[in-house]
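Fold and geometry: a report
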Amino acid sequence: MPRPPFVLVITVLAAMAAGCASNKRSPTVVPPTQSAVQPVDFSGSWERNYSRGGDIQENVSRMARRLSRNVYQGSTPNSRRGYTSSSPSLGPIIAMARLADAITRTDTLLIEQDEVGIEVEREEDFALTCEFNNTTAQQFYSPLGHEVCGWDGTRMVFHVALPDGVSITHRLVMAPSGNELNVATTVTSPASSTPYTLNRFYTRFEPLPSPYVCEQTLSRKRVCEFRPSDEREQQRIDSPDSGTP
């Protein structure tokens, strides 16, 4: 599958997250269990709900406080004399947070799903795809690394293990109402024992018809022109494929 130049950003940021690791370990991938029957239909158009979702700075501060507390509780009385709240290194956490933010900035998702597979089109980013061809999770290798996708209960999971030991996992979870979608993105790195998870929330919406009519030509490639709604409707009626006698 071809990848756009934006993937280079992912690779660079991933290298930042793993750069301070002294011992790199091989990525371990545990495939999610894929069901023969699709438990959830994610199909539809989704737009980001900015009133919900993780705040990068707040998440990093929370993780820093938790790490500092764990380090303090695990230290000896003598070592606590020179202890400060900034003792744990925040470099790997900040790098993972930046990576998670960079790959989840899309405002809209267009999801197409059928009995064959699922495709999650993300604005200004490459699509997440998975084929439902058997009862096991799909695994393949790409320029990014080792990729795995499949069902984990009612969650749809896309996982990629990068060559440098960094891994990225997207988990799609549908709310019981069917009108809200949570995309939880988790980044792990050999440089940190604690993974970083960023939640984005999306709500269903009905996209408006585009005022532009486009066609693909051999000489001029993709050509688009603006047409008012009444002209587009007339064109649909006059189209040979419209079914009008």
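Below: a short report on this structure. Fair warning: this is a prediction, and the values are worked out from it, not measured in the lab.

Observations regarding the pairing of strand 6 (residues 145-152)
Of all eight residues in strand 6, seven are buried, a share of seventy percent or more. Pairing of strand 5 (residues 138-142) with strand 6 involves five bridges; the strand directions are antiparallel. Of the residues in strand 6, the one forming a bridge with Ser142 is Gly145. Between strand 5 and the antiparallel strand that follows it, strand 6, lie two residues. The sheet contact formed by strand 6 and strand 7 (residues 155-161) spans seven bridges and is antiparallel. In the strand pairing of strand 7, Trp151 is matched with Met156.

Brief notes about the packing of aromatic side chains
Counted by the stated rule, this structure contains two aromatic pairs. Ring centres of Phe42 and Trp151 lie 5.9 Å apart, and the angle between their planes is 15°; this geometry places the pair in the stacked category. Here the residue Phe42 occupies a position in the loop between helix 1 (6-18) and strand 1 (44-48), and Trp151 occupies one in strand 6, the gap between them amounting to 109 residues. Residue Phe42 shares its accessibility class with Trp151, and that shared class is buried. Through a chain of ring-to-ring contacts, the aromatic side chains of Phe42, Phe132 and Trp151 assemble into a single cluster. Its end group placed over the ring of Phe201, Arg52 keeps NZ or CZ at 3.9 Å from the ring centre. One cation-aromatic arrangement involves Arg122 over Phe126; the distance from NZ or CZ to the ring centre is 5.0 Å.

What counts and how
- Residues numbered from 1 in each chain as written.
- Predicted model: local features only at pLDDT ≥ 70, side-chain atom pairs only at ≥ 80, totals over all residues.
- Heavy atoms only, no water.
- Buried < 20%, exposed > 50% of the residue type's maximum accessible area, 1.4 Å probe, protein only.
- Helix = DSSP H or I, 4+ residues; strand = E, 2+ residues; numbered from the N terminus.
- Pairing = 2+ DSSP bridges.
- Phe/Tyr/Trp six-rings, centres within 6.5 Å; stacked < 30°, edge-to-face > 60°.
- Lys NZ or Arg CZ within 6 Å of the ring centre and 35° of its normal.

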